Amino acid sequence: MGESIPRGRIGAPGLVQLGQWDLLVDAAVMIRQPVITQQQFTLGQEIQAGLGARYHVWRDRVAISAAYLSHNGMDTFFQSGVAENPSELLAVVQLEPRPDLQWDLGLGKGLADGYGTTELRVFAGLTWTRRPPPPEPVPQIVIAEVPKEVPPPVIEPEPEPEWEEEELAKVEGEKIVIREPIQFEFNTPNILPVSLPTLQYVAGLLNENWQIAHLVIEGHASDEGSYVYNYDLSIRRSRAIWEELLRSGVHPDRMSYRGMGEVVPVVVGGDEASLATNRRVEFHIVKQYAPDERPPDYRPDVRLPWSGEPARITTPVAPPPEPEPAKKPARDDGADLDGFFDELEDEMRQEDGAAPDNAPGKEQAP
């Protein structure tokens, strides 16, 4: 009301996702004809800005947000105490009980005595998103031969490894198997203290076995939550184990980590036992040295990437190579044959009563 021509707003929003955090910005310029009000201020062209941060307590379920909103008149830019420059601080809780439903509950506090601000306000919002039903599959006619009854194959379960009393992990083929699964805090990459002895035992195996050239730490998650969240959680948990092994003295050039999310389950099922089995960490040996090979010289100065502090690294030492057996001198087979026939001829002469060729007084033919 009171504006003779339409006003225009030109701006752009932006969103950056960093793990569980979303950082949002909305900047715009309001272009309009100045309006002189009866409240000793003028509504004119202004810059509008909104900054917000949102943290996902439970991805796709619960989030908390904080935002700062401000308007600044072009003629009173960043001047305090003027009505043309209102600002407000918001706190919001977002709840998503269903994928198509979202509740917003918020609290606002005016920070400046500008137009449109309030001392305190409470607001609520409900957003419903209509999702179209999935398309019906196109019926297809498939003609197939019915095979004869074949008894199902008998799948022998893999035998459980036998463990010594003090043994927490062991090398089996191209894997390092652990006696007990690694335990984490719920929905976090924080390793529980009960699993630290197992990781220290794994570090001891790596530091004692020089033939293990490279180990991949592979994190897996159950199918609870979204693919994006499970993939991110599996990466952060495998990275936490990589950091713990690095603290325990394993050289960083001998290991790496990756996350597989929920796409490689061990068992299929929605019960808690199946879900707990799929939430796991595996140790794959992707490269080993042969007995006649020797590892390279690892870099001696290693620092912790997250703090820059020197790391206490243990580099396994390979035994010296076995010396090659000495070669026997080559035998002159022709000379051996000549001597054999000479001895045979002397024996035949002695049997006939004649002196051997090399007897004393016997003339030798030239």
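Reading the values: rules and limits
Residues numbered from 1 in each chain as written. Predicted model: local features only at pLDDT ≥ 70, side-chain atom pairs only at ≥ 80, totals over all residues. Heavy atoms only, no water. Helix = DSSP H or I, 4+ residues; strand = E, 2+ residues; numbered from the N terminus. Contact = heavy atoms within 4.5 Å. Areas by Shrake-Rupley, 256 points an atom, 1.4 Å probe, with all protein chains shown as cover. Salt bridge = Lys/Arg side-chain N within 4 Å of Asp/Glu carboxyl O. Buried < 20%, exposed > 50% of the residue type's maximum accessible area, 1.4 Å probe, protein only. Pairing = 2+ DSSP bridges. Axes fitted to C-alpha atoms, helices over the stretch in contact; angles between N-to-C directions. Phe/Tyr/Trp six-rings, centres within 6.5 Å; stacked < 30°, edge-to-face > 60°. 1 Å grid on protein atoms, 1.4 Å probe; cavity = no way out; pocket = protein on both sides within 12 Å on 5 of 7 lines; lining within 4 Å. Points joined across faces, edges and corners; volume = space filled by probe spheres on them. Nonpolar A, V, L, I, M, F, W, Y, C, P; charged D, E, K, R; others polar. Left-handed = near helix turned anticlockwise from the far one by under 90°. Lys, Arg positive; Asp, Glu negative; His and termini not counted. Polar contact = N/O pair within 3.5 Å; in protein donor to acceptor, adjacent residues only side chain to side chain.

A word on the overall build of the protein chain
Alright, step 1. Regarding its fold elements, the protein chain presents four helices and 14 strands.
Alright, step 2. Taking the contacts inside the protein chain whose residues are at least 6 apart along the sequence as the reference set, 55% of them involve residues at least 24 apart.
Alright, step 3. Only carbon and sulfur atoms are counted for the fraction: they give 57% of the accessible area of the protein chain, which is about 26,300 Å².

Considerations on the pattern of salt bridges
Alright, step 1. Counted according to the given criterion, the structure contains 15 salt bridges.
Alright, step 2. Across the pair K170 and E167 runs a salt bridge, and its minimum N-O distance is 3.7 Å. Note on accessibility: K170 and E167 belong to one class, buried.
Alright, step 3. We note a salt bridge from R279 to E272, for which the minimum N-O separation is 2.7 Å.
Alright, step 4. Residues joined in a network through salt bridges with shared partners are E224, E272 and R279.

Details of the sheet that holds strand β6 (residues 62-73)
Alright, step 1. The sheet built from seven strands is open, its strands ordered β1-β2-β5-β6-β7-β8-β9 with antiparallel pairing. Pairing within the sheet leaves two strands with one partner each, and these edge strands are β1 (8-18) and β9 (121-128). Along the sheet, successive strands turn relative to each other by an average axial angle of 15°, direction set aside.
Alright, step 2. Pairing of strand β2 (residues 21-31) with strand β5 (residues 46-58), which is carried by 10 bridges, proceeds in the antiparallel orientation. Bridged to A27 within β5 is A49.

What about the packing of aromatic side chains?
Alright, step 1. Throughout the structure, instances matching the rule amount to two aromatic pairs.
Alright, step 2. For the pair W21 and Y55, a centre-to-centre distance of 5.0 Å together with 50° between the ring planes defines the contact as tilted. Here W21, found in strand β2, pairs with Y55, found in strand β5; they are 34 residues apart in sequence, far enough to count as distant.
Alright, step 3. Look at Y55 and you get partly exposed, because its relative accessible area is 30%.
Alright, step 4. Seen in terms of ring centroids, W242 and Y257 are 5.8 Å apart; in terms of plane orientation they differ by 55°. Their pairing is tilted. In this pair, W242 is assigned in helix α2 (residues 227-247) and Y257 in strand β13 (residues 255-259), connecting sequence segments 15 residues apart.
Alright, step 5. Taking the relative accessible area as the measure of exposure, W242 reaches 13% and is therefore buried.

Looking at the layout of surface pockets
Alright, step 1. By volume, the second largest pocket amounts to about 630 Å³.
Alright, step 2. Considering the residues around the second largest pocket, the lining is formed by 31 residues, among which G50, L51, A67, L69 and L90 are closest to the centre.
Alright, step 3. Within the residue set of the lining of the second largest pocket, elements represented by two or more residues are β1, β2, β5, β6, β7 (87-98) and β9.
Alright, step 4. Broken down by element, the residue count for the lining of the second largest pocket peaks at seven residues, all from β5.
Alright, step 5. Of the residues that constitute the lining of the second largest pocket, the class distribution is 14 nonpolar, 11 polar and six charged.

Quick look at the environment of M30
Alright, step 1. Here M30 shows up in strand β2.
Alright, step 2. Residues M30 and R7, spaced 23 residues apart in sequence, show a C-alpha to C-alpha distance of 7.3 Å.
Alright, step 3. Sequence-distant contacts of M30, defined by excluding residues within four places in its chain, comprise R7, G8, R9, Q45, E46 and Q48.

A word on the sheet that holds β13
Alright, step 1. An order of β10-β11-β14-β12-β13 is seen for the five strands of this open sheet, with the pairing classed as mixed. One side of each edge strand has no neighbouring strand; the edge strands of this open sheet are β10 (169-172) and β13. This sheet shows a mean twist of 25° between the axes of neighbouring strands, independent of strand direction.
Alright, step 2. Across five bridges, strand β12 (residues 212-220) lies against β13 in parallel orientation. Bridge pairing links V216 to S256 in β13.
Alright, step 3. Sheet strands touched by α2: β12, β13 and β14 (280-288). Its angle to β13, the strand with the most contacts, is close to 160°.

Focus on unusual backbone geometry
Alright, step 1. Of note in this structure, D60 is not a glycine but carries a positive phi near 65°.
Alright, step 2. Relative to the assigned elements, D60 resides in the loop between β5 and β6.
Alright, step 3. Residue D60 is classed as partly exposed on the basis of its relative accessible area of 35%.
Alright, step 4. We note that N187 has phi near 60°; this positive angle belongs to a residue other than glycine.

Observations concerning the packing of helix α1 (residues 196-208) against α2
Geometrically, a packed helix pair is captured by the angle between its two axes and the distance between the axes.
Alright, step 1. At their nearest, the axes of α1 and α2 sit 9 Å apart, and the two run at 60° to each other. With respect to the hand of their crossing, α1 and α2 are arranged in right-handed fashion. Facing L196, L199, V202 and A203 of α1, the residues of α2 in contact are I241, E244 and L245.

As for the side chain of E262
Alright, step 1. Looking at where E262 falls in the secondary structure, it is placed in the loop between β13 and α3 (272-278).
Alright, step 2. Despite its burial, E262 pairs with no opposite charge; the closest candidate is R279, at 11 Å N-O.
Alright, step 3. Here N230 takes part through its side chain, which lies 2.5 Å from a polar atom of the side chain of E262.

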